[in-house]
Amino acid sequence: MKPHAMSCACHRQNHLKTIPNLLSLCAVILSFLALLHFSYRHVLFQLSFYASSSSSSSLASANSSSSSAIATAAAATGPPVVGGANSTSGANATAECDIFRGEWVPDPEGPYYTNVTCTMIQDHQNCMRFGRPDREFLQWRWKPEGCELPRFDPHRFLELARGKSMAFVGDSLARNHMQSLLCLLSEVAYPDDISNTRDENRRLFYSDYNFTVSIFWSPFLVKGGEAGGVDNLWNLYLDEVDDNWAARVEAVDVLIISSGTWFTRPSIYFKKRQPFGCNYCAQSPNLTRVSLYSVNRAAFRLAFKAIGKLRGFRGVTVLRTVSPSHFENGKWDRGGSCNRTRPARREETRLEAVELEMYRAQVKEFERARREWERSRLQLKMMDATAAMLMRPDGHPDVYGHRPEQRVQLHNDCVHWCLPGPIDLWSDLLLHMLSN
């Protein structure tokens, strides 16, 4: 071969050798750009979401304290009184077993995520960030009697949710649930905050799935407002639904409603704009004391009635039952704490009297609404999570929801749930219920 020809051949060979290297370099650059874009969306989400949530953080703290004037030690010995076969929520159980009755069993594969992999955890529930030393509470899963509850699959959830919308209605525990779901989904995708307000109501959008998640702040489900006074009273209008949520959910595909802890606040109750009773109201001796059972029933009856009257509503409504608190060795404002490190067994638990009243009221109104809705073919399901959560006194932030120097100023939080933590079960249950 002539020297010139040999030189050309060598050049061609060298060029061919460099092509794989160039392709590898391009692949690395594209991966870096994709990671940069994903991280950028994380930062944007945090800035927009938590800028608005900071204004409600005081409300969350207030809820975690005054809402549990009800509780002493929830883990007292006694027979199981709620959940599963003891409830009337058979419509939610599969043909094989009742997913709401069972035990917590060790799970070395837990948790699904951490406060490092998920950037959507508010400080109040970010127990790892604020130094919780134990990790065992993260390594348990719910095992129903007679069957297995499938692990949460974010890919499957998002495919089921494609083109749909979901709304959470309630108090800071509803927000706790929503943020748990967002963290579970963060393995696959992060949403964009498309909220048009800067209050507690948020609207998030998963563009790749055309899936919208909303939260509507409504701690009583009915209209209410602070009345002030010595007792720090609230005025609750038990015959007027809260339009903050009721006027915005007609097009929602999955509506998750919950309430409970805020009803333990000192309140005056109204019908037709006239006061007729109260609770925790020492400065209102002329008003009749009304049981929280009656008040809770009235609120949920009105909420279900309002949903049933929505002309265009064709979605699934899910009632999530009372989330129990676990104050021990004192009430919320008397040094009560929740520093256990492992779940309780079913026979070791008993729901506190006031929480039991609210639980029974919610179940009664669920059954009532389900009978009424059968004629209109509206779908109503109950996530009866109370019994499972009653066994998790180890899952609350306690002192690990704020910085150490703040602990002398704030009460221990035995109402909300650490993220990650036992509350992630609610999304396991939700996916199972929606799949069926």
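Not measured: the values here are computed from a predicted model. (Residues numbered from 1 in each chain as written. Predicted model: local features only at pLDDT ≥ 70, side-chain atom pairs only at ≥ 80, totals over all residues. Heavy atoms only, no water.)

## Here we look at the state of the cysteines
Piece 1. Applying the stated criterion to the full structure yields 5 disulfides.
Piece 2. One disulfide in the model links Cys127 with Cys418; its S-S distance is 2.0 Å. Judged by the torsion about the S-S bond (-90 degrees), the Cys127/Cys418 disulfide is left-handed. With Cys127 in the loop between β1 (102–106) and β2 (140–144) and Cys418 in the loop between α8 (386–390) and α9 (425–435), the pair connects residues that are 291 residues apart, well separated along the chain.
Piece 3. By relative accessible area, which is 1% here, Cys127 ends up buried.
Piece 4. There is a disulfide in this structure between Cys338 and Cys414, and the S-S distance comes to 2.2 Å. Every disulfide takes its handedness from the sign of the S-S torsion; for Cys338 and Cys414 that torsion is -95 degrees, giving left-handed. Pair noted here: Cys338 is in the loop between β13 (316–320) and α7 (353–373) and Cys414 is in the loop between α8 and α9, with a separation of 76 residues, a long-range link. For the pair formed by Cys338 and Cys414, the shared burial category is buried. (Disulfide = S-S within 2.5 Å. Helix = DSSP H or I, 4+ residues; strand = E, 2+ residues; numbered from the N terminus. Buried < 20%, exposed > 50% of the residue type's maximum accessible area, 1.4 Å probe, protein only.)

## Let's talk about the packing of helix α6 (residues 292–308) against α7
Piece 1. As a packed pair, α6 and α7 sit with axes 8 Å apart at the nearest point and diverge in direction by 30 degrees. When the axes of α6 and α7 are compared, the pair comes out roughly parallel. For α6 against α7, the interelement crossing comes out right-handed. Across the interface between the two elements, Leu292, Tyr293, Asn296, Arg297, Phe300, Arg301, Phe304, Ile307 and Gly308 from α6 touch Val354, Glu357, Met358, Arg360, Ala361, Gln362, Lys364, Glu365, Phe366, Arg368, Ala369 and Trp373 from α7.
Piece 2. Partitioning the contact of α6 with α7 into residue classes produces 11 nonpolar, 3 polar and 7 charged. (Axes fitted to C-alpha atoms, helices over the stretch in contact; angles between N-to-C directions. Parallel < 35°, antiparallel > 145°, perpendicular 65-115°, else oblique. Left-handed = near helix turned anticlockwise from the far one by under 90°. Contact = heavy atoms within 4.5 Å. Nonpolar A, V, L, I, M, F, W, Y, C, P; charged D, E, K, R; others polar.)

## Section: the packing of helix α3 (residues 154–161) against α9
Piece 1. Look at α3 against α9: their axes get within 11 Å of each other, and the N-to-C directions meet at 45 degrees. Considered as vectors, α3 and α9 are oriented oblique to each other. As for the relative orientation of α3 and α9, their crossing is left-handed in sense. Along its contact with α3, which presents Arg156, Phe157 and Leu160, the element α9 presents Leu430, Leu431 and Ser435.
Piece 2. In the contact of α3 with α9, the residues fall into 4 nonpolar, 1 polar and 1 charged.

## Observations regarding the sheet that holds strand β3 (residues 165–170)
Piece 1. The 7 strands lie next to each other as β4-β5-β6-β3-β9-β13-β14, forming an open sheet whose pairing is mixed. On the outer flanks of this sheet lie β4 (192–193) and β14 (379–383), each paired with one strand and no other.
Piece 2. Relative to strand β6 (residues 211–217), β3 runs parallel, the two sharing 6 bridges. Bridged to Met166 within β6 is Val213.
Piece 3. Helix-sheet contacts for helix α4 (residues 172–185) involve β3, β5 (202–206), β6, β9 (254–257), β13 and β14, and the interaxial angle to β6 is about 160 degrees.
Piece 4. Docked against the sheet, α7 engages β13 and β14, running at close to 160 degrees with respect to β14. (Pairing = 2+ DSSP bridges.)

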